[in-house]
Amino acid sequence: MSRILDTTPAADGFAMPGEHAPQEEVWMAWPERSDNWRLGAKPAQDAFAAVAGAIAEVTPVSMAVSAAQWDNARARLPATVRVVEMSTDDAWMRDIGPTFVTDAKDRRRGVDWEFNAWGGLLDGLYFPWNRDARVASKICVLHRADIYRPGLVMEGGAIHTDGAGTLFTTEECLLHPSRNPDLAKSEIEAALKAALGQQKVIWLPRGLDGDETNGHVDNLMHVARPGEVILSWCDDPADPNHAICREALAVLEAAQDAAGRTLTIRKLHIPAPLHITGEEAGGIDPTGDMARAAGTRLAASYVNFLVTNGRVIFPLLDPDRDAAARAELQSAFPEREIVGLPAREILLGGGNIHCITQQVPAI
């Protein structure tokens, strides 16, 4: 049975492991809403199924699926993927799922953030979001994990950790007025340290241009291992991301992590600008919430990949740059197999492979 705890992970000796640590399972959620995924979400479902299958070859996968979609998902997914009936509002498991923390006694607990669809009534992407807000606790119960509720409005894609005491996030996201407007930066930092067992928070200024999440860090950079990060990069001065990436680089170069190390920084070039086509936009049911108009630039990034047991699974986005991205990732992760999967259908919904997955660390 899962208990709701009134202490903090840091006080109890728990901390968030790095994504490179061994994993017991990966959770995903099945896409179906037609105002975000084109053609009734069928192309996106095929993309999600491919991602789930690639993960399941090395790490067990559970897919949260609505009752209405259970039969369809079961038929489309590999037999190795577990299908779990669970209500959601959309399919971004990184943001709606729990952030797990572990301790030296091989115990695992979950952190259940306050979810408000990336902005609540100020600039959230949909309403209501009550089903998404219950997902983290449901998954914790399934894992018999006790639950922390820090009361912080946040999403899993807003943070990265090296698993050794250093947390990365962006000011654009966590200081946005739609998240925790009553808290100062110092108070948010203290809350993050307490909720995730971290000693150091490195604040990057902004996320990539056009990111609907108010600048999630997981679309801007990733952590390869303690002391080494991978940063999205852009060489075109006319591209808004040119300045954003250089601002982030300046912060990372000047920073020291929790262990006092300067960081090794790898650069991973973003794709050439990608835009929603007229055909793609025409297949999405229009609503007043999410902008999916033809010509809209997509916040495409190769660092939106998942590190799991023995593999890195990354998005294939641009035939002219996919091979270079694979080579850079292989250099960063020589001990892991690099698996690229077509991911434009995921990108059309507003994120990518890291955004649709949430790992459960092994104990």
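To be clear, the structure that these remarks concern was listed above.
All figures in this text were calculated on a predicted structure; none of them were measured in a lab.

Enquirer: Explain the nonpolar core to me, please; I cannot follow it from the model alone.
Expert: A general tendency of soluble globular proteins is for nonpolar side chains to be buried together. Ranked by size, the top nonpolar core spans 75 residues in total, and within it Met28, Leu77, Ile230, Phe305, Leu329, Phe333 and Ile346 carry the most contacts. Ranked by the residues each element gives to this core, the list is headed by helix H2 (residues 42-56), at 9 residues.

Enquirer: Honestly, empty space enclosed by the protein in this entry has me stumped. Any pointers?
Expert: This model, assessed by the stated rule, comprises 6 cavities of 30 Å³ or more. For the largest cavity, the calculated volume is near 100 Å³. The wall of the largest cavity is formed by 16 residues, among which Trp92, Trp118, Leu125, Thr213 and Gly350 lie closest to the centre. In terms of residue class, the lining of the largest cavity is built from 6 nonpolar, 6 polar and 4 charged. Taken together, Met16, Pro17, Gly18, Glu19, Ala21, Pro22, Gln23, Thr99, Phe100, Gln358, Gln359 and Pro361 form the lining of the second largest cavity. Ranked by residues supplied to the lining of the second largest cavity, first place goes to strand E17 (residues 358-361) with 3 residues. Within the lining of the second largest cavity, the residues separate by chemical class into 6 nonpolar, 5 polar and 1 charged.

Enquirer: Can you help me understand the layout of surface pockets in this one?
Expert: Where empty space is left in the structure can be found by rolling a water-sized probe over the atoms. Considered as a void within the structure, the largest pocket measures approximately 160 Å³ in volume. The wall of the largest pocket is formed by 16 residues, among which Gly210, Glu212, Arg297, Ala299 and Gly350 lie closest to the centre. Residues of the lining of the largest pocket, tallied by class, amount to 6 nonpolar, 6 polar and 4 charged.

Enquirer: How do you make sense of the pairing of strand E10 (residues 200-204) when you look at a structure like this?
Expert: A regular strand places its side chains so that they alternate between the two faces of the sheet. Counting buried positions along E10 gives 4 out of 5 residues, so the element sits mostly inside the fold. Here strand E9 (residues 166-170) pairs with E10 via 5 bridges, running parallel. When the sheet's bridge partners are listed, Thr166 is paired in E10 with Lys200.

Enquirer: Is there a simple way to think about helix H10 (residues 240-254) in this case?
Expert: Two residues of an α-helix separated by three or four positions point the same way, owing to the 3.6 residues in each turn. For H10, spanning 15 residues, the distance from its first C-alpha to its last is 22 Å, which sits close to the expected 21 Å at 1.5 Å a residue. Of the residues making up H10, those classed as buried are Asn241, His242, Ile244, Cys245, Ala248, Leu249 and Leu252. The buried residues of H10 all sit within an arc of 170° when viewed along its axis, so they share a single face.

Enquirer: Help me understand helix H9 (residues 185-196) in this model?
Expert: Here H9 contains 12 residues, and its C-alpha end-to-end distance of 16 Å stays within 8% of the 16 Å for a straight helix at 1.5 Å per residue. Regarding H9, the residues found buried are Ile188, Leu192, Ala195 and Leu196. Each buried residue of H9 sits inside an arc of 80° when the element is viewed along its axis, so together they form one side. Tucked inside the fold, the buried residues of H9 contact helix H1 (9-12), strand E5 (99-102), strand E6 (108-111), E9, helix H8 (171-174) and E10.

Enquirer: What should I look at first to understand the sheet that holds strand E15 (residues 311-316) in this one?
Expert: Strand pairing in a sheet is mediated by backbone hydrogen bonds. Such pairs are either parallel or antiparallel. Strand order across the open sheet formed by 3 strands is E14-E15-E16, with mixed pairing between neighbours. Where the open sheet ends on each side, the last strands, each with one partner, are strand E14 (306-308) and strand E16 (337-342). Between one strand axis and the next, the sheet turns by 25° as a mean value, whatever way the strands run. Where E15 lies against E16, 6 bridges are found, and the strand directions are parallel. Bridge assignment links Pro315 to a residue of E16, and that residue is Leu341. Each of E14, E15 and E16 touches H2; the most contacted strand, E16, lies at about 165° to it.

Enquirer: I keep staring at the environment of Ala293 and nothing clicks. Help me out?
Expert: Inspection of the secondary structure puts Ala293 in the loop between helix H11 (278-282) and E14. Of the residues examined, Ala293 reaches a relative accessible area of 43% and is grouped as partly exposed. Remark: the alpha-carbon pair of Ala293 and Ala281, spanning 12 residues in sequence, is separated by 5.6 Å. Not counting residues within four places of it along the chain, the set of residues in contact with Ala293 comprises Ile276 and Ala281.

Reading the values: rules and limits
Residues numbered from 1 in each chain as written. Predicted model: local features only at pLDDT ≥ 70, side-chain atom pairs only at ≥ 80, totals over all residues. Heavy atoms only, no water. Core = buried A, V, L, I, M, F, W, Y, C linked by side-chain atoms within 4.5 Å. Buried < 20%, exposed > 50% of the residue type's maximum accessible area, 1.4 Å probe, protein only. Helix = DSSP H or I, 4+ residues; strand = E, 2+ residues; numbered from the N terminus. 1 Å grid on protein atoms, 1.4 Å probe; cavity = no way out; pocket = protein on both sides within 12 Å on 5 of 7 lines; lining within 4 Å. Points joined across faces, edges and corners; volume = space filled by probe spheres on them. Nonpolar A, V, L, I, M, F, W, Y, C, P; charged D, E, K, R; others polar. Pairing = 2+ DSSP bridges. Expected span 1.5 Å × (residues − 1). Arc of directions from axis to C-beta. Contact = heavy atoms within 4.5 Å. Axes fitted to C-alpha atoms, helices over the stretch in contact; angles between N-to-C directions.

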